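# Tertiary structure, described
Chain by chain, the residues run as shown.
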Amino acid sequence: MPDLLLELFSEEIPARMQKRASEDLQKLVTNGLVDAGLTYEGAKGFATPRRLALTIHGLTARSADTREERKGPKVGAPEKALAGFMRAAGLSSIDEAQIQSDPKKGEFYVAVIEKPGRDAAEIIAELIPGIIRNFPWPKSMRWGAGSTRPDTLRWVRPLRSILCTFGPETEEPEIVAFEVDGIKSGDVTYGHRFMAPEAIRIRRFDDYTDKLNAAKVVLDSARREEIILQEAKNLAFSQNLDLVEDSALLHEVAGLVEWPVVLMGSFDERFLNLPDEVIQLTIRVNQKCFVLRDPKSGALTNRFILVSNLIASDGGKQIVAGNEKVVRARLSDAMFFWETDLKTPLQARVQKLGNIIFHEKLGTQLQRVERIKSLATTLAPLLGANPAEAERAAELCKADLVTEMVGEFPELQGLMGRYYATAQNESSSVAAACEDHYRPQGPGDTVPSDPVSVAVALADKLDTLSGFWLIDEKPTGSKDPYALRRAALGVIRLILENNCELSLTDVIGQACSGHQRDALAAADISGVTPDLLAFFHDRLKVYLRDQGLRYDLIDSVISEDADDLQLIVRRVEALSSFLDSEDGKALLSGSKRAANILRAEEKKDGKVFDSSVSADLLSDPAEKALAEAVDVAVSKAKAAVDGHDFTAAIEALSQLRAPVDAFFEDVMVNDENAQIRENRLNLLNRIRQATQTVADFSKIEG
Amino acid sequence: MSQSDPHATALDLPPHMRPERSFQGLILALQRFWADYGCVVLQPYDMEVGAGTFHPATTLRALGHKPWRAAYVQPSRRPGDGRYGENPNRLQHYYQFQVLLKPSPPDLQDLYLKSLAAIGVDAALHDVRFVEDDWESPTLGAWGLGWECWCDGMEVSQFTYFQQVCGIECSPVAGELTYGLERLAMYVQGVDNVYDLNFNGRDGDERISYGDVFLQAEQEYSRHNFEHANTDVLFQHFKDAEAECQALLAAGARQRDEAGDGIHKVVFPAYDQCIKASHVFNLLDARGVISVTERQSYILRVRELSKACGEAFLQTEAGGAVAKESQHA
Ligand SMILES: Nc1ncnc2c1ncn2[C@@H]1O[C@H](COP(=O)(O)OP(=O)(O)O)[C@@H](O)[C@H]1O
Ligand SMILES: [Mg+2]
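Rules used throughout
Residues numbered from 1 in each chain as written. Chains lettered and ligands numbered in written order. Predicted model: local features only at pLDDT ≥ 70, side-chain atom pairs only at ≥ 80, totals over all residues. Heavy atoms only, no water. Helix = DSSP H or I, 4+ residues; strand = E, 2+ residues; numbered from the N terminus. Rg over C-alpha atoms; globule rule 2.2 N^0.38 Å. Buried < 20%, exposed > 50% of the residue type's maximum accessible area, 1.4 Å probe, protein only. Contact = heavy atoms within 4.5 Å. Areas by Shrake-Rupley, 256 points an atom, 1.4 Å probe, with all protein chains shown as cover. Lys, Arg positive; Asp, Glu negative; His and termini not counted. Charge placed at Lys NZ, Arg CZ, Asp CG, Glu CD. Salt bridge = Lys/Arg side-chain N within 4 Å of Asp/Glu carboxyl O. Domains from an automatic or database assignment. Near = heavy atom within 4 Å. Polar contact = N/O pair within 3.5 Å; in protein donor to acceptor, adjacent residues only side chain to side chain. Axes fitted to C-alpha atoms, helices over the stretch in contact; angles between N-to-C directions. Parallel < 35°, antiparallel > 145°, perpendicular 65-115°, else oblique. Left-handed = near helix turned anticlockwise from the far one by under 90°. Buried area = accessible area lost by both parts, 1.4 Å probe. Pairing = 2+ DSSP bridges. Nonpolar A, V, L, I, M, F, W, Y, C, P; charged D, E, K, R; others polar.

## A few points about the overall build of chain A
Looking only at helices and strands, chain A features 25 helices and 18 strands. Over its C-alpha atoms chain A spans a radius of gyration of 38 Å, topping by over 25% the 27 Å that the globule rule assigns to 702 residues. Taking the principal axes of the C-alpha coordinates as reference, chain A spans close to 105 × 100 × 50 Å. Evaluated residue by residue, chain A yields a buried proportion of 53% over its 702 residues. Of the contacts made within chain A by residues no fewer than 6 positions apart, 68% connect residues no fewer than 24 positions apart. Accessible surface for chain A amounts to roughly 31900 Å². Of this, 48% is attributable to carbon and sulfur atoms. Computing the positive centroid from 85 side-chain charges and the negative centroid from 108, chain A places the two 5 Å apart.

Laid out in structure tokens, this is it:
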């Protein structure tokens, strides 16, 4: 069966668009062919900086003939119905339709639409121009004299030639002839821009890859990546260095060359005084080069790996020298930023934050810093942090936003703050907080443990959350532009992983009043705290479930006003281990039984049985014992919960197991005497009250 | 159009004129190359601009359907790029060589590479690359797609197919080449620091380096840009230029209406004021006195000016308009 080869040769395609484009080309062409009634065995798309290519093998040479019968109106139907049918079926006269009959319907028209199969080449020639014209480039352009025409071709960069051949393996393939905006398809392509620019005639795919290879073009980007990585590692190894791998950079670089040639350069050692991250970013972002590490110390070295697109006649000497020149200039720029930044203490930059709007309704970064400062200072004692240090850290934590270095490399925010704070002799806690208060940035990120960092990180996130809640910009569905879910999860992890005990209600209130002092004087905060607390509850449930805790247990212990996350978790944990024990299982089923009876009887009587148990009405020893046991359990459990000792509370509850079991064994709740019955129901309610001290047992499954 | 052999040209030249020996020789070689292609070789525009693109020979002439080919050197001022003479290749005042071809010819990439050969960049030795860089000038309301052209990792030129200028679709599309002359010269002369470039191609006592000409100025202007420029005066200049631009455009429109010929009468002078506003904005920006929110609104104000100038230009003969029969005739 025949194969199809298509190549769209253009001026340089942006590296970041190549992969997607080769996939789109493959999808669009194969879908189009299948829709036209062809089948194929396999297809693969390719991209280099100058071409998109597609090979499809085992394509059927012709689509099958098709025959379709379309039922129409009854014979003698109104003119209008007949006309509609003829139009839909493509008939010019009703005589072209057949008449069939049906015992129920009688005689009616049937149009028989027969379509003969078509040659694949014809289908391809018709399909591809449309795909080219409507190609889904993220950005496309016009060019040249033709650009005045409204229907001019748009492509990512000027499209220069099209190669399209089709034919069986055993025969000479043929050009599939078509034209797009004056470009006629042919069987010609071109090799490497500098090393083999001549035209090459191509017949089919294997011949295409071979000839391109000979013309210094590696068609497959995965292969180019492989070559670069291997050569880079070898080169590093030969110098006793380690390559700092970077898959995103590798991918990009492979999209910038058709024939990768890996070389090594170096820079002046004095630049090693710059932070490693700055060196790496400078070399990576601006020069698209890889950095190298000393395998022993792990420190960056003054060497780098560059990937060129040329086998130079001098072995690459000039290319290396040229790249070194640029790296030197870039690092010298970074050095300029670094030294300039160091001249101004962070403190002196803080006022400039007044020029940066954080959010139009929430004021400037300076106002934000003031709020974070006051909140972090309040939180500090609760977290074991020195309030003065927390205040200092909060004061400085955003100052690096107005440094030259962060202006150049925004991704270094926080990290530069730490470097500059260290350089100006801030305490190590303050310096660390400048970076770590952004943490955790996601579920995989580490949570700071230094109390100063924790205080500022909590203050930062709580300020953000309460602010956006106050202006009613909460996350909805998949929309969360300010990453508020991430911030809430951050708060949860900061609190839990550091075993902090604090009342969220209180701190949300404090955060809100900070906003009221600033831009939101008139804001109504009354509804915000419970609503934000409920949001925390939701995030906590998701988080704990991901940690492997049972959802129903979490649900059973979170009451509307539960605002100490630490306590919630401890309660769930105690409950969970209790319910794994025999006593726990039995008590759960006993209390469920009590609840079921209560529910049924309360429904019957239309009243709630929540009065106190009258000792005089108790007669059976089992009910007397239970009444006593419940009183003891309730008071012990309450006291234990108040002291946050959930194991003791559970222990108190577990004492109920035996009396509850005995009660159901010996006692008939629905006594004939209405008073006794009611008293017993009130006793059942006491069991519910007892368990309620720890959790809402009705929410627990099982 | 005749295309002379670049190597023959270089060899015909006396040593001090060769691009690999002298900065001015490189400029002359590029001018020669593009003159041979049929460009009008213009002189720098006599105003402070951030890039050769601001020269009316590019901004305004890129508009309308009339063919246009121009090449020129343009001193470019980038106040924020000042480094007190301490950076080896970044200057707050440097020279761009600008080529504008409307419509963009099909072989523009080849022409560019040939022009590099003409100044001695040997493509068998140097790694020349076209790396995505979508060009945009928010103040000019202009954008295009193209590349940064890299030579051994150094960005030596910007290559753009203009799609829109002054907020107006380019029809036809023009191709713009912007060479960073100092950086190219550093390659060709094989020096590591821009200030070491040989400017006049002479040796010994007669040798004048780039540093001899510009180092002191770079230091002084860096001080000016970052420390001394009087921001109150600059804010006033901005307002004045903006008002003057609008006033001139209004005057030209009035005269157009009086003449009844549909031809705008005062476009180039109005555009000068737009250039001025743009440069003053760059200075204020370098001084760090424009906040993030204000920044956007300043950019928009300049863009409004450039848009109005571009629209007025299309109502002139150079912009492709044809005078209507005057109603008063
Ligand atoms: N500050 C500078 N000093 C020296 N050369 C520069 C400087 N900035 C840019 N260049 C050079 O000028 C060329 C054009 O600059 P670019 O910023 O791309 O211009 P434009 O703003 O016109 O697009 C660049 O390719 C680079 O070689
Ligand atoms: Mg650029």
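## Brief notes about the pattern of salt bridges
Residues and elements named next belong to chain A. As enumerated under the stated definition, the model contains 68 salt bridges over all chains in all. Across the pair Lys 27 and Asp 24 runs a salt bridge, and its minimum N-O distance is 3.6 Å. With a gap of three residues between them, Lys 27 and Asp 24 both fall in helix α1 (residues 15-35), about one helical turn apart. With relative accessibility at 5%, the residue Asp 24 sits in the buried group.

## Let's talk about the domain arrangement of chain A
The assigned domain composition of chain A is domain 1 (3-62 + 119-214), domain 2 (66-115), domain 3 (221-342), domain 4 (347-548) and domain 5 (575-699). Computed over C-alpha atoms only, the centres of domain 3 of chain A and domain 5 of chain A are separated by 72 Å.

## Examining the site of ligand 1
Residues and elements named next belong to chain B. Not every one of the 17 residues close to ligand 1 is listed here, only the nearest: Arg 78, Asp 81, Leu 91, Glu 155 and Gln 158. In this structure, an oxygen atom belonging to ligand 1 sits 3.3 Å away from a main-chain N or O atom of Ser 157. With the chains in place, 89% of the 550 Å² that ligand 1 exposes on its own is no longer accessible. Elements that contribute at least two residues to the shell around ligand 1 include exactly β3 (93-102), β7 (154-165) and β9 (175-180). In terms of residues, the shell around ligand 1 owes the most to one element, β7, which gives four residues.

## A word on the packing of helix α22 (residues 621-642) of chain A against helix α24 (residues 657-666) of chain A
Residues and elements named next belong to chain A. Here α22 crosses α24 at 150°, and the two axes come no closer than 9 Å. With respect to α24, the axis of α22 lies roughly antiparallel. Judged by the twist between their axes, the crossing of α22 over α24 is left-handed. Of the residues in α24, those in contact with Ala 622, Glu 623, Leu 626 and Ala 629 of α22 are Pro 659, Val 660, Ala 662, Phe 663 and Asp 666.

## What to know about the interface of chain B and chain A
Listed as interface residues are 48 residues of chain B and, on the opposing side, 51 residues of chain A. With both sides pooled, the region where chain B packs onto chain A buries about 4000 Å², and carbon together with sulfur makes up 52% of that total. On the chain B side of the interface with chain A, the three residues burying the most area are B:Leu125, B:Arg129 and B:Glu132, jointly 14% of the side's total. Summed over the shared surface of chain B and chain A, the number is seven salt bridges. Of the charged contacts, one joins B:Arg83 and A:Asp333 as a salt bridge, the two residues approaching to 2.7 Å between their closest N and O atoms. In this structure, the connection of chain B to chain A is made through 28 residue pairs in polar contact (both at pLDDT 80 or more).

## Description of the sheet that holds strand β16 (residues 300-308) of chain A
All names here are of chain A. An order of β13-β15-β16-β14 is seen for the four strands of this open sheet, with the pairing classed as antiparallel. Edge positions in the sheet fall to β13 (242-243) and β14 (261-266), since each of these pairs with one other strand and no more. Contacts from helix α5 (residues 221-238) reach β13, β14, β15 (290-293) and β16, with the element oriented near 35° to β14. Contacts between helix α7 (residues 276-286) and the sheet are confined to β15 and β16, with β16 contributing the most and set at about 15° to the helix.

## A word on the packing of helix α21 (residues 582-605) of chain A against α24(A)
Residues and elements named next belong to chain A. Interaxial distance between α21 and α24 falls to 9 Å at its minimum, and their mutual angle equals 45°. The orientation of α21 relative to α24 falls into the category oblique. Note that α21 runs across α24; the crossing there is left-handed. Where α21 abuts α24, its residues Glu 582, Asp 583, Ala 586, Leu 587, Gly 590, Arg 593, Ala 594 and Ile 597 lie against Arg 657, Val 660, Asp 661 and Phe 664. The residue makeup of the contact of α21 with α24, split by class, is six nonpolar, one polar and five charged.

## Overview of the sheet that holds strand β5 (residues 98-102) of chain A
Residues and elements named next belong to chain A. Spatial strand order, β4-β6-β5: three strands in an open sheet with antiparallel pairing. The open sheet is flanked by β4 (66-74) and β5, the only strands paired with a single partner. Neighbour to neighbour, the strand axes of the sheet diverge by 35° on average, direction disregarded. Bridge count for β5 against strand β6 (residues 106-115) is five bridges, and the pairing is antiparallel. When the sheet's bridge partners are listed, Asp 102 is paired in β6 with Gly 106.

## Quick look at the environment of A:Glu391
Residue and element names in this part refer to chain A. Along the chain, Glu 391 turns up in helix α11 (residues 387-396). Overall, Glu 391 belongs to the partly exposed group, its relative accessible area being 35%. Note: C-alpha distance between Glu 391 and Pro 295 (96 residues apart in sequence) is 40 Å.

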